[in-house]
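# Examination of the molecular architecture
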Amino acid sequence: MLALFASAPLQPAFAQARAESSASRHGVPVRQITSPGGISAWIVSDSTVPMIVLRAYWRGGSAIEAENLTGVTGVMTDMLTEGAGALDANAFKERLEDLNMSVGFSAGWDGIGMSVVTLSENRDAAFEMARLALHEPRFDAAPLERIKRQMLVGIRTRDTNPSYLANLALDQALYPNHPYARRTSRESVAAMNAATLRERRAALFNRTTLQITIVGDIDDAGAGAAIDHVFGALPQGSAPPEPADVSLAAPTPLIVRELPQPQSLVLFAGPGIQDEDPDWIPLAVANYILGGGGFSSRLMDQVREQRGLVYGIGTSPSVRDHSAMVRGSAQTANGNVREAIDVTRAEMARLYSEGATQAEVNDAITYLTGSFALELDSNSKIASVVHSYQTAGRSIDYINQRNDRIRAVTLEDVNRVIRRLFNPDAFTFVVVGQPEGLEPSE
């Protein structure tokens with residue numbers, strides 16, 4: 001396992017010099033390689049632990065599905081590991097167990113992810129399983145019908161799921177008429193078959209949008225051979241069409257969805273910024289102060305600790321390829337909902353009008369830089385972080401610059417972001433439950 005990316009307290013000259021020295025000694029050695037077949041990847045080689053983690057990503061996800069096939073991308077990715085080549089679903093899973101490996105795919109709004117984890121000694125056999133899943137999926141009828149039955153059960157029960165109802169209400173309020181507000185339907189599940197899955201697979205998997213990160217016990221030559229074996233047969237293809245960028249709709253002060261239960265779920269969201277925006281790093285610091293810092297945040301202190309109105313409350317930036325927001329959530333007893341929302345709005349308004357303090361900024365920077373090492377304490381975590389920066393379009397050395405960028409944030413930067421993004425009047429609030437004194441709304 002790699003030595004960790006160390007941090008240092010936010011103090012002047014001496015501490016800064018110590019931080020720079022530490023970073024130079026403990027940075028993550030990520031490099032770019034090109035396979036013999038011409039496929040680029042980011043690699044972090046380290047043989048301390050005899051395992052390899054590979055992550056891959058293709059642009060194009062659920063947001064560009066046909067309206068009559070919502071959910072088909074997720075079903076297609078699930079079916080890639082339900083039998084491939086000569087192996088049916090059971091035989092495929094038994095082979096994965098025999099090799100002590102995992103291979104999986106996932107579908108998001110804007111892209112498809114792939115993950116392979118294997119012991120070094122089983123490397124060649126593991127990458128052959130990954131190749132089979134990617135290129136020779138069977139899409140057999142039995143596992144497909146099982147997955148469709150599970151989806152129909154989920155559709156029947158989701159109307160009693162507060163998280164589903166709250167997120168749907170929020171998306172429909174903020175993204176009306178945009179694919180981000182769509183959900184899988186009974187009709188779309190019924191329309192899925194092996195032919196629609198094959199068509200979806202052919203439309204999304206190509207070399208043009210492919211991004212690969214590989215971490216662990218493998219050198220450049222081994223990685224190049226593995227990459228060509230797994231991905232070399234993909235067509236060059238072209239980038240898929242993309243949905244339109246969307247700005248959040250005008251805020252709705254309060255949306256209430258009735259659901260019989262003793263507690264209410266509260267979601268709230270306002271306009272955010274994309275992660276390539278120059279204010280992205282200051283936003284991370286500002287969000288820590290408002291609601292991202294756990295028990296150190298203002299909302300947790302005022303709404304939970306000082307008044308006991310919620311079990312927990314937090315905020316975070318949320319980015320999709322074509323929209324961005326700042327989101328918050330809280331859970332509370334039905335009788336406390338009105339006051340919890342009032343105090344939340346009041347605390348946001350106080351931060352918006354008065355700004356943060358230098359002490360709060362210092363504390364946020366110290367935590368955000370110091371805790372980063374814990375996100376890099378295994379090959380799987382390193383692969384996850386490096387790959388997230390790769391797919392976000394960051395420079396290859398961003399992981400080693402990240403803490404210095406945070407240390408460079410000033411009080412003026414933070415207060416500029418607060419004035420830009422934390423106006424409570426720009427936030428839409430959604431409540432799901434039986435909040436006392438609040439009427440359900442359409």
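Along each chain, residue indices are assigned from 1 in the same order as the chain's sequence is written. The model is predicted, so local features are restricted to residues of pLDDT at least 70 and side-chain atom pairs to those at 80 or more, both for listing and for counting; the totals for chains, interfaces and linings are taken over all residues. Water and hydrogen atoms were dropped before computing side-chain values, which therefore reflect all heavy atoms in the structure.

Before going further, it helps to examine helix α8 (residues 194–204). Within α8 the residues assigned to the buried category are A194, T196, L197, R200, R201 and L204. Projected onto a plane normal to the axis of α8, the buried residues spread over an arc of 160 degrees and lie on a single side. Exposed side chains of α8 directed beyond 90 degrees from the buried face belong to A195, E199 and A202. When checking whether two residues touch, look at their non-hydrogen atoms; a contact exists if any pair is within 4.5 Å. Numbering of helices and strands runs from the N terminus, with a helix taken as a DSSP run of H or I at least four residues long and a strand as a DSSP run of E at least two residues long. On its buried face, α8 sits against β3 (51–59), α2 (72–79), β5 (111–119), α4 (123–135), α5 (141–157) and α7 (186–191). In the analysis that follows, any N or O atom pair within 3.5 Å is treated as a polar contact, provided that within protein one partner can donate a hydrogen and the other can accept it, and provided that, for residues neighboring in sequence, both atoms belong to side chains. For α8, the N-terminal capping position is held by N193, with its side-chain oxygen 3.0 Å away from the main-chain nitrogen of A195. Whether a residue is buried, partly exposed or exposed follows from its accessible area with a 1.4 Å probe, protein chains only, as a fraction of its type maximum: under 20%, in between, or over 50%, in that order. Regarding the arc, it is the one traced by the directions from the helix axis to the C-beta atoms.

Looking now at the pairing of strand β11 (residues 428–433). Among the six residues in β11, six count as buried, and that is most of the element. Burial along β11 is two-sided: T428, V430 and V432 and F429, V431 and G433, pointing in opposite directions, are all buried. In short, DSSP must find at least two bridges between two strands for them to pair. Sheet topology places strand β7 (residues 255–258) next to β11; four bridges connect them, and they run parallel. From the neighbouring strand, E258 faces β11, where its bridge partner is G433. Sheet analysis places strand β8 (residues 263–271) next to β11, joined by five bridges and oriented antiparallel. Across the sheet, residue V266 finds its bridge partner in β11, namely V431.

If you trace the five strands from one edge of the open sheet to the other, you get β7-β11-β8-β10-β9, paired in mixed fashion. Every interior strand has two partners, whereas the edge strands, β7 and β9 (312–320), have only one. For this sheet, the mean inter-axis angle between neighbouring strands, taken without regard to orientation, is 20 degrees. Looking at chain direction, β8 and strand β10 (residues 323–333) are connected through nine bridges and run antiparallel. The axes are straight lines fitted to the C-alpha atoms, using for helices just the contacting stretch, and the angles between their N-to-C directions are given from 0 to 180°.

Taken in spatial order, the six strands line up as β1-β2-β6-β3-β5-β4 in an open sheet, and their pairing is mixed. Looking at strand neighbours, the two that pair on one side only are β1 (31–34) and β4 (102–107), the edges of this open sheet. Taking the axes of each pair of neighbouring strands and ignoring which way they run, one obtains an average angle of 20 degrees across the sheet. Across four bridges, the pairing between strand β2 (residues 40–45) and strand β6 (residues 211–216) is parallel. Looking at β6, one finds that I43 is bridged to I214. Against the sheet, α4 makes contact with β3, β4, β5 and β6, and its axis sits at roughly 155 degrees relative to β5, the strand it touches most. The strands touched by helix α14 (residues 379–391) are β2, β3 and β6; relative to β6, the strand with the most contacts, the crossing angle is about 155 degrees.

Here the term cavity refers to a set of points on a 1 Å grid, laid over the protein atoms alone, in which a 1.4 Å probe fits but cannot get out; the term pocket refers to an open set having protein on both sides within 12 Å along at least five of seven lines, with lining residues being those that place an atom within 4 Å of a point. Grid points are joined across faces, edges and corners, and a volume is the space filled by probe spheres set on the points. If you walk through the whole model with that rule in mind, you get two cavities of 30 Å³ or more. Roughly 80 Å³ of internal volume is contained in the largest cavity. Lining the largest cavity we find 13 residues, and of these G60, D110, E242, P243 and H322 sit closest to its centre. Residues belonging to the lining of the largest cavity are distributed by class as follows: six nonpolar, three polar and four charged. Of the voids in this model, the second largest cavity is the one considered here, and its volume is about 50 Å³. What lines the second largest cavity is V266, F268, V303, V310, I313, A330, A340, I341, T344 and F429. For this scheme, ten residues count as nonpolar: Ala, Val, Leu, Ile, Met, Phe, Trp, Tyr, Cys and Pro. Four count as charged, namely Asp, Glu, Lys and Arg, and the remainder, Gly too, count as polar.

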